[in-house]
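Coordinate analysis (summary)
Chain residues, written in single-letter form:
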Amino acid sequence: MNKYKILSFYKYVDVAEPEVFAKEHLDWCLQNSVKGKVYIAKEGINGSIFGDEAATTKYKNHLTGYKIFEDVWFKETETDVEAFTKMHVRVKDEIVNSQLKVDLKNTAPKLTPEQLFNFYKEGKDFIIVDARNDYESKLGRFKNAITPQVKHFRDWPKAVESLEQFKNKTIITYCTGGIRCEKASAYMREHGFNNVYQIHGGILNYIQQYPDTYWEGSMFVFDERKVVEPNTKEELKYIAKCHHCGKPASYHINCHNVECDKLIIVCQECKIKYNYCCSENCRESERKRKIISG
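The structure reproduced in this document is the subject of the present report. In this text, all values refer to a predicted model and were calculated from it rather than measured experimentally.

What counts and how
- Residues numbered from 1 in each chain as written.
- Predicted model: local features only at pLDDT ≥ 70, side-chain atom pairs only at ≥ 80, totals over all residues.
- Heavy atoms only, no water.
- Helix = DSSP H or I, 4+ residues; strand = E, 2+ residues; numbered from the N terminus.
- Rg over C-alpha atoms; globule rule 2.2 N^0.38 Å.
- Areas by Shrake-Rupley, 256 points an atom, 1.4 Å probe, with all protein chains shown as cover.
- Lys, Arg positive; Asp, Glu negative; His and termini not counted.
- Charge placed at Lys NZ, Arg CZ, Asp CG, Glu CD.
- Salt bridge = Lys/Arg side-chain N within 4 Å of Asp/Glu carboxyl O.
- Buried < 20%, exposed > 50% of the residue type's maximum accessible area, 1.4 Å probe, protein only.
- Disulfide = S-S within 2.5 Å.
- Phe/Tyr/Trp six-rings, centres within 6.5 Å; stacked < 30°, edge-to-face > 60°.
- Lys NZ or Arg CZ within 6 Å of the ring centre and 35° of its normal.

This part takes up the overall build of the protein. Each helix and strand counted, the protein has 10 helices and 17 strands in total. The globule rule puts the C-alpha radius of gyration for 294 residues at 19 Å, and the 20 Å found for the protein is close to it. Overall, the C-alpha framework of the protein stretches about 55 × 50 × 35 Å when taken along its three principal axes. A total of about 15100 Å² of accessible surface is found on the protein, and carbon and sulfur atoms cover 46% of it. If the 45 positive side-chain charges of the protein are averaged to one point and the 41 negative ones to another, these points end up 2 Å apart.

Turning next to the pattern of salt bridges. Inspection of the entire model under this criterion finds 21 salt bridges. Note that glutamate 70 and lysine 67 form a salt bridge whose closest N and O atoms lie 3.3 Å from each other. The class for glutamate 70 is partly exposed, based on a relative accessible area of 45%. Residue classification places lysine 67 among the exposed positions, given a relative accessible area of 63%. Across the pair glutamate 182 and lysine 110 runs a salt bridge whose closest N-O atoms are separated by 3.3 Å.

Once that is clear, we can look at the state of the cysteines. Summed over all chains, the structure comprises zero disulfides. Free of any disulfide, cysteine 267 has its nearest cysteine sulfur in cysteine 270, 3.6 Å distant. Left without a disulfide partner, cysteine 277 is nearest to the cysteine sulfur of cysteine 255, which lies 4.3 Å away. Take cysteine 277: its relative accessible area is 1%, and that puts it in the buried class.

Attention now goes to the packing of aromatic side chains. The description of an aromatic ring pair uses the distance of the two centres, along with the angle that the planes make with each other. Tallying each qualifying case throughout the model produces 20 aromatic pairs. An angle of 40° between the planes, with centres 5.9 Å apart, marks the rings of phenylalanine 9 and tyrosine 59 as tilted. Linking phenylalanine 9 in strand S1 (residues 4–12) with tyrosine 59 in helix H2 (residues 53–63), this pair joins segments that are 50 residues apart in sequence. With 5.0 Å between their ring centres and 80° between their planes, phenylalanine 142 and tryptophan 215 make a pair best called edge-to-face. Of this pair, phenylalanine 142 sits in strand S8 (residues 140–142) while tryptophan 215 sits in strand S11 (residues 215–217), and the two are 73 residues apart along the sequence. By relative accessible area, which is 0% here, phenylalanine 142 ends up buried. The class of tryptophan 215 is buried, set by a relative accessible area of 0%. One aromatic cluster is present, built from ring pairs that chain together Phe117, Phe119, Tyr120, Phe126, Phe142, Tyr174, Tyr206, Tyr210, Tyr214 and Trp215. In this structure, lysine 92 is placed above the aromatic ring of tyrosine 39, and the distance from its NZ or CZ to the ring centre is 5.0 Å.

Below, the structure written as structure tokens:
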């Protein structure tokens with residue numbers, strides 16, 4: 001079975017000519033058979049790259065050859081699944097869409113996975129808050145986490161309003177790889193929250209070092225894998241249930257009825273039984289997307 005790597009990375013840094021970089025970067029990636037997606041903006045870079053050991057090593061050397069990206073931290077995950085089938089490099093207004101007007105000098109201090117583990121182990125008094133979208137937190141979350149009903153990251157101000165009662169508590173924010181918490185934690189600090197932290201490297205970093213501890217369930221990822229399941233203990237594997245039968249599950253699909261498109265969690269059996277749809281009515285619809293793979 002082939003082993004591949006996924007490189008996840010970001011950096012907030014001034015990029016003088018993002019359009020020029022994007023064209024050069026895409027050309028290089030295509031010439032070197034690299035797959036994945038990279039977002040570039042005047043505020044920095046955000047990307048996920050997929051390939052074998054040789055390809056990912058070559059990519060790291062290429063990107064860090066740019067002075068502004070020489071210290072980029074690549075979080076590496078092994079996989080035997082093809083995580084990306086194409087290469088995209090896109091220019092954005094932000095490297096993650098938030099519309100938050102914050103000064104990144106105010107971003108919160110970072111807790112290492114070891115420090116978070118010890119916070120839990122020692123029973124410290126803290127509030128842990130999910131800065132991801134609600135469909136992500138339905139699959140997995142840290143123990144006792146508050147999971148605001150955030151449909152899009154740009155809704156973060158509403159989530160912060162709902163946390164007013166915790167302004168003087170120790171608050172730890174988390175997201176998949178850390179990029180959203182850079183701005184989410186800065187926003188909280190700028191709005192009167194006095195003791196805010198973020199997890200260094202996000203969930204990705206924590207579950208690699210401490211699986212089967214205080215992360216419960218699965219983790220949603222933005223590639224063809226859809227979901228990562230880090231835990232081996234049965235009681236920690238799933239927190240979500242199948243939309244149809246109620247069995248433990250961790251697989252997201254959008255209902256294949258294009259007039260519905262509802263995002264649901266399903267088990268493999270019901271996914272096939274209901275023809276990738278959320279209901280009998282949708283299954284009988286004539287306007288369904290084609291099923292590309294099982």
